[in-house]
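# A structural walkthrough
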Amino acid sequence: MPRRMNVYHFKKGTEICNYSYSNNILSVRLNRQRLVVCLEESVYIHNIKDMKLLKTLLNTPTNPTGLCALSVNHSNSYLAYPGSATIGEITVYDANNLSTLTLIQAHDSPLAALTFNASGTKLASASEKGTVIRVFSVPEGQRLFEFRRGMKRYVSISSLSFSADAQFLCASSNTETVHIFKLEQHSPSQDEESPTWSTYMGKMFTAASTYLPTQVSDMMHQDRAFATVRLNMFGLKNICSLATIQKLPRLLVASSDGCLYIYNVDPQDGGECVLVQKHRLFESSEDEVEQKEEEDPEDVVPQPASQSYAATVALPSTPPCSTTLLGYSEDGGAQKGDVIPEHEFAESPVCLDDENEFPPVSKPE
């Protein structure tokens, strides 16, 4: 039922409410204040505590992929979505106060990816061409950084993600390379204190760029990747994320082939990242069939079934309890009280426990 959204209590495993929309649901975003449902030509904003519908944004530009981003910082709850179907315009909307903040002319081509940093003060974007990634201040909409992913070919950016401290930004695409960019402002005083050949050349390029066409001038000011990862796959959709696990920065890449890859990131020197762990998120029936065909039945020794990573961390299933909500009222929200009780409504965003809830980096002994 692609037009229906079900909301579940994660720990209890029970349904809280469900709601049906006029068209297929393309994406859902939520923080501790708002839940946003994106359709192709409309956006619905709910109050997360009781699921009451607060605002419907109708006749939004055609958005066939349901592209949108919601700040996880619920104190601002900024929402970003395409402001045009033909160019890379971003609409930044205040989902708490239900008003449009600003329009950002980000790219010449339609948008392909959007993401906020953890505090909601920065917004990164990429277009369908996938060659340039830009970072803007929020809510001002001022361009802060511009990174060039590549020049030789257009690619489809599948995900963008900031590190928790917003010092790094990673980007994955349908190619075999994941790029990590470092968000650092180049200080003129530092260049003067340590004059080098590259510093002089940089000043020459800066001076020359004022006489060059805008496109060439912009290219000369764009920073390249600080670190990269070479995946052993090509053409598969994947999602990347930067996290601190066991007090060290890591890059996580989840691929549509059912694998989660964990790489070490050198925060000082960057460069090529090193693969430290690979997890299978589910067992492949094809792999099991091939393995059985290769084995001789007489030589097979019974082995304990090895669980996938997903199975090892899954919560025990619980039967639906009598408090499951079966309906929803658009005016009054959830029919039986708050979706999130007051004692569960924390002020800060949800944080995973470093040792227990992040995927393990080293194999168990």
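The coordinates are above.
Here goes a summary of the coordinates provided. Quantities reported herein were computed from a predicted structural model and do not represent experimental measurements. (Residues numbered from 1 in each chain as written. Predicted model: local features only at pLDDT ≥ 70, side-chain atom pairs only at ≥ 80, totals over all residues. Heavy atoms only, no water.)

## A short note on the environment of Asp108
Threshold: In this text, helices come from DSSP runs of H or I with a minimum length of four residues, and strands from runs of E with a minimum of two, each type numbered from the N-terminal end. The rule is simple: take the accessible area with a 1.4 Å probe, protein chains only, and divide by the maximum for that residue type; under 20% is buried, over 50% is exposed, in between is partly exposed. By definition in these notes, contact holds between two residues if any of their heavy atoms fall within 4.5 Å.
By the element assignment, Asp108 lies in the loop between strand E10 (99-107) and strand E11 (111-116). Residue classification places Asp108 among the exposed residues on the basis of a relative accessible area of 70%. Spatially, the C-alpha atom of Asp108 lies 8.2 Å from that of Glu89, the residues being 19 residues apart in sequence. Beyond its immediate sequence surroundings of up to four residues, Asp108 is in contact with Thr86, Ile87 and Gly88.

## Thoughts on the sheet that holds strand E20 (residues 248-255)
Definition in use: By definition, two strands form a pair when at least two bridges between them are found by DSSP. Here an axis means a line fitted to C-alpha atoms, over the contact stretch when the element is a helix, while the angle between two N-to-C directions is reported on a 0 to 180 degree scale.
The strand order E19-E20-E21-E23 describes an open sheet built from 4 strands, whose pairing is antiparallel. Sheet topology places strand E19 (238-245) and strand E23 (274-280) at the edges, where each strand pairs with a single neighbour. Mean inter-strand twist for the sheet, computed between neighbouring axes without regard to direction, equals 25°. Pairing of strand E21 (residues 259-264) with E23, which is carried by 6 bridges, proceeds in the antiparallel orientation. Among the inter-strand pairings, Asn264 is bridged to a residue of E23, identified as Val274.

## What to know about the packing of aromatic side chains
To keep it simple, the criterion reads: Two rings belonging to Phe, Tyr or Trp (six-membered ring only in the last case) form a pair when the distance between their centres is within 6.5 Å. Interplanar angles under 30 degrees mark stacking, angles over 60 mark edge-to-face geometry, and anything in between is tilted.
Tallied over the entire structure, the rule returns 5 aromatic pairs. When the centroid spacing of 6.0 Å and the interplanar angle of 10° are considered together, the rings of Phe145 and Phe147 count as stacked. With respect to class, Phe145 is no different from Phe147; both count as buried. Each ring, one from Phe147 and one from Phe181, has its centre 4.8 Å from the other, and the planes form 25°; the classification is stacked. Separated by 34 residues along the polypeptide, Phe147 in strand E14 (residues 143-148) and Phe181 in strand E17 (residues 177-182) bring together distant segments of the chain. Exposure class is identical for Phe147 and Phe181. Each is buried.

## As for the nonpolar core
What counts here: Here, the term nonpolar core denotes a set of buried Ala, Val, Leu, Ile, Met, Phe, Trp, Tyr and Cys residues that are joined through side-chain atoms within 4.5 Å.
Of all hydrophobic cores here, the largest spans 18 residues; its most connected members are Ile180, Leu251, Val253 and Tyr263. At the level of secondary structure, the elements contributing two or more residues to this core comprise strand E16 (168-173), E17, strand E18 (227-230), E19, E20 and E21. Formed by 15 residues, the second largest nonpolar core is a distinct cluster that contains Ile133, Val135, Val155 and Leu160.

## Focus on the pattern of salt bridges
Put simply, the test is: By definition here, a salt bridge exists when the distance from a side-chain nitrogen of Lys or Arg to a carboxyl oxygen of Asp or Glu is within 4 Å.
Across all of its chains, the model carries 3 salt bridges by this definition. Across the pair Arg4 and Glu15 runs a salt bridge, and its minimum N-O distance is 4.0 Å. A residue pair is termed long-range when its members are at least 10 positions apart, and Arg4 in strand E1 (residues 4-9) and Glu15 in strand E2 (residues 14-20) qualify at 11 residues. The class for Glu15 is buried, based on a relative accessible area of 12%. The closest approach of N and O atoms between Glu146 and Arg143, which form a salt bridge, is 2.8 Å. We classify Arg143 as partly exposed; its relative accessible area is 41%. When salt bridges that share partners are traced, they join Arg134, Arg143 and Glu146 into one network.

## Thoughts on unusual backbone geometry
With an omega of 10°, the peptide bond between Val138 and Pro139 qualifies as cis. Inspection of the secondary structure assignment puts Pro139 in the loop between strand E13 (132-137) and E14. Phi angles above zero are rare outside glycine, and Met51 is one such case at about 65°. With respect to the helices and strands, Met51 occurs in the loop between strand E5 (42-47) and strand E6 (53-58). The exposure class assigned to Met51 is buried, which follows from its relative accessible area of 0%. With a phi close to 55°, Leu98 is a non-glycine residue in the positive phi region. Residue Leu98 is classed as partly exposed on the basis of its relative accessible area, which comes to 29%.

## Description of the pairing of strand E4 (residues 34-38)
The element E4 is extensively covered by neighbouring structure, given that 5 of its 5 residues are classed as buried. With burial as the criterion, each face of E4 is covered, one bearing Arg34, Val36 and Cys38 and the other bearing Leu35 and Val37. Note: strand E3 (residues 27-30) against E4, 4 bridges, orientation antiparallel. Within E4, the residue paired with Arg29 across the bridge is Val36. Connecting E3 to the antiparallel partner E4 that follows it, the hairpin turn spans 3 residues. Pairing between E4 and E5: 5 bridges, direction antiparallel. Note that in E5 the partner of Val36 across the bridge is Ile45. Taking the residues that link successive antiparallel strands as the turn, the E4-E5 hairpin has 3 residues.

Shape is all these values report; function is a separate question.
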